[in-house]
Amino acid sequence: SQTIHQWPATLVQPVGSPLSLECTVEGTSNPNLYWYRQAAGRGLQLLFYSVGIGQISSEVPQNLSASRPQDRQFILSSKKLLLSDSGFYLCAWTGLATDTQYFGPGTRLTVL
Amino acid sequence: QKEVEQDPGPLSVPEGAIVSLNCTYSNSAFQYFMWYRQYSRKGPELLMYTYSSGNKEDGRFTAQVDKSSKYISLFIRDSQPSDSATYLCACHSGGYQKVTFGTGTKLQVIP
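Predicted model only: the values in this text are computed from it and were never measured.

A.B. asks: What should I look at first to understand the interface of chain A and chain B in this one?
C.D. replies: With 22 residues of chain A in contact, the opposing surface of chain B contributes 19 residues. A combined buried area of about 1,700 Å² lies between chain A and chain B, and 57% of that area is made up of carbon and sulfur atoms. Put simply, chain A and chain B have 1 salt bridge between them. Close ionic contact of Glu59 of chain A with Lys98 of chain B constitutes a salt bridge, the shortest N to O distance being 3.0 Å. Applying the counting rule to chain A against chain B returns 4 residue pairs in polar contact (both at pLDDT 80 or more). Sorting the residues of the side of chain A that touches chain B by element identifies strand 4 (32-39), strand 5 (43-52), strand 9 (87-94) and strand 10 (102-103) of chain A as the ones contributing at least two each. Of the residues contributing to the side of chain A that touches chain B, the split by class is 10 nonpolar, 8 polar and 4 charged.

A.B. asks: Quick question: what am I supposed to make of the sheet that holds strand 8 (residues 71-76) of chain B here?
C.D. replies: Within a sheet, neighbouring strands are paired by backbone hydrogen bonds and run either parallel or antiparallel to one another. All names here are of chain B. Within the open sheet, the 5 strands sit side by side as 1-3-8-7-6. Their pairing is antiparallel. Of all the strands in the sheet, just strand 1 (4-6) and strand 6 (54-58) have a single pairing partner and so form its edges. Between one strand axis and the next, the sheet turns by 15 degrees as a mean value, whatever way the strands run.

A.B. asks: What is the right way to read the pattern of salt bridges from this model?
C.D. replies: Pairing between side chains of opposite charge can happen when their charged atoms approach one another. Residues and elements named next belong to chain A. By the definition in use, this model includes 6 salt bridges over all chains. A salt bridge links Arg37 to Asp85; the shortest N-O distance between them is 3.7 Å. Highlighted residues: Arg37 in strand 4 and Asp85 in the loop between strand 8 (73-78) and strand 9, separated in sequence by 48 residues.

A.B. asks: Help me understand the layout of surface pockets in this model?
C.D. replies: In this structure, the second largest pocket occupies an estimated 400 Å³ of space. Lining of the second largest pocket is provided by 19 residues; of these, Leu44 of chain A together with Glu3, Val99, Thr100 and Phe101 of chain B occupy positions nearest its centre. Classifying every residue of the lining of the second largest pocket by side-chain character gives 7 nonpolar, 7 polar and 5 charged.

A.B. asks: What exactly am I supposed to notice about the side chain of Ser79 of chain B here?
C.D. replies: Residue and element names in this part refer to chain B. Along the chain, Ser79 falls in the loop between strand 8 and strand 9 (85-92). Of note is the side chain of Ser79, whose polar atom sits 3.5 Å from the backbone oxygen of Pro14. A polar contact is formed between the side chain of Ser79 and the backbone oxygen of Ala17, at a distance of 2.8 Å. Residues contacting Ser79, with those up to four places away along its chain left out, are Val13, Pro14, Glu15, Gly16, Ala17, Val19, Arg60 and Val109.

A.B. asks: Mind showing me how you'd approach the packing of aromatic side chains here?
C.D. replies: The relative placement of two aromatic rings is captured by the distance of their centres and the angle of their planes. Within this structure, the stated rule accounts for 13 aromatic pairs over all chains. Where Tyr25 of chain B meets Phe33 of chain B, the ring centres are 5.2 Å apart and the plane angle is 40 degrees; that geometry is what we call tilted. An identical accessibility class is assigned to Tyr25 of chain B and Phe33 of chain B; each is buried. One aromatic cluster is present, formed by Tyr34, Tyr36, Tyr49 and Phe103 of chain A together with Tyr36 and Phe101 of chain B through successive ring pairs. Its guanidinium or amino end placed over the ring of Phe88 of chain A, Arg108 of chain A lies 4.4 Å from that ring's centre, counting from NZ or CZ.

A.B. asks: Teacher, can you tell me more about the state of the cysteines here?
C.D. replies: All chains considered together, the criterion is met by 2 disulfides over all chains. With a sulfur-sulfur separation of 2.0 Å, Cys23 of chain A is cross-linked through a disulfide to Cys91 of chain A. One quick way to see it: the torsion about the S-S bond of Cys23 of chain A and Cys91 of chain A is about -75 degrees, and its sign makes the bridge left-handed. Within this pair, whereas Cys23 of chain A is found in strand 3 (residues 19-26), its partner Cys91 of chain A is found in strand 9, the two being separated by 68 residues in sequence. Looking at Cys23 of chain A, the relative accessible area reads 1%, which means it is buried. Across the disulfide, Cys23 of chain B is cross-linked to Cys89 of chain B (sulfur-sulfur distance 2.0 Å).

A.B. asks: What exactly am I supposed to notice about the environment of Ser53 of chain B here?
C.D. replies: Residues and elements named next belong to chain B. The residue Ser53 is located in the loop between strand 5 (45-51) and strand 6 in this model. In the structure, Ser53 is positioned 21 residues away from Tyr32 in sequence and 9.2 Å away in space, judged by C-alpha atoms. In this structure, Ser53 is in contact with Val65, Asp66 and Lys67, ignoring residues within four places of it in sequence. Looking at Ser53, its side chain comes within polar contact range of the main-chain nitrogen of Lys67, at 3.1 Å.

About the criteria used
- The written sequence of each chain sets the order in which its residues are numbered from 1.
- Lettering of chains starts at A and numbering of ligands starts at 1, both following the order in which they are written.
- Per-residue local features are limited, in this predicted model, to residues with pLDDT of at least 70; the limit for side-chain atom pairs, both in listing and counting, is 80 or more; totals at the level of whole chains, interfaces and linings are taken over all residues.
- As a rule here, side-chain values cover all heavy atoms of the structure and leave hydrogens and water aside.
- Here, two residues are considered to be in contact whenever any of their heavy atoms come within 4.5 Å of each other.
- Values labelled buried area give the accessible surface lost by two parts on being combined, using a 1.4 Å probe and summing over both.
- We count a salt bridge whenever a side-chain nitrogen from Lys or Arg sits within 4 Å of a carboxyl oxygen from Asp or Glu.
- Under the rule applied, a polar contact is a pair of N or O atoms within 3.5 Å (in protein, one hydrogen donor and one hydrogen acceptor; residues adjacent in sequence only if both atoms are side-chain atoms).
- Elements are defined by DSSP. Helices are runs of H or I of four residues or more, strands are runs of E of two residues or more, and each kind is numbered from the N terminus.
- Under the scheme applied here, ten amino acids are nonpolar (Ala, Val, Leu, Ile, Met, Phe, Trp, Tyr, Cys and Pro), four are charged (Asp, Glu, Lys and Arg), and all others, including Gly, are polar.
- Two strands are said to pair when DSSP picks up at least two bridges between them.
- An axis is simply a line fitted to the C-alpha atoms; with a helix, the fit covers only the stretch in contact. Between two such axes, the angle follows the N-to-C directions and lies from 0 to 180 degrees.
- In this analysis a 1.4 Å probe is tested at points of a 1 Å grid over the protein atoms alone, and where it fits but cannot get out there is a cavity; an open set with protein on both sides within 12 Å along at least five of seven lines is a pocket; lining residues have an atom within 4 Å of a point.
- Grid points are joined across faces, edges and corners, and a volume is the space filled by probe spheres set on the points.
- Only Phe, Tyr and Trp rings take part, Trp by its six-membered ring, and two of them pair if their centres are within 6.5 Å. Stacked means planes under 30 degrees apart, edge-to-face means over 60, and tilted covers everything else.
- A simple rule labels every residue: compare its accessible area, found with a 1.4 Å probe on the protein chains alone, to the largest value its type can have, and call it buried under 20%, exposed over 50%, or partly exposed in between.
- Lysine and arginine charges are scored as sitting over a ring when NZ or CZ, respectively, is within 6 Å of the ring centre and within 35 degrees of the ring normal.
- Count a disulfide wherever a pair of cysteine sulfur atoms falls within 2.5 Å.

Have a look at this one:
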């Protein structure tokens, strides 16, 4: 069966510090991978999606970036965090045999 | 106008009640409809998945899609305190198209 991991689970970072969140998927090959941010009362905001290694599409221009160095690894980064980057970050995947998205456990980021 | 609209609630019901959660959408191209359950501080968990119009039942849960009115519903029978969570509806048009989510309805089932 497929599983999706995210780490860290929680993170508290000062403004201006760098960020690296990691997502890995097990039990599937060539998944589509997604990064979302969920803010209270605002639903899920799609940040990035990737259909393959090195292929990243950005949905929202901001100080975040994403990379996919391996087939089942997706990384969300920032060089300098802003207060507005606080939120709940979710990674999701879709496979060839499914039309639905499956989410990871999420990372709660607080920027102080 | 958002592509998928969902009443944020909160919705409070007594244990054992039938719960009706609803969304409307505007994009006629949507063919796939999902409901996710999200507990506090956790990732969304897929509950129900429906293609096109019709009903789908899984235990106490029934998903209903009416494409003619662009209306999707989730019914929960014999609601339990463990059903207390935020429920997200989601739609997409298939393949690797982006999924559009509602903002979620917070449900509280009171013992």
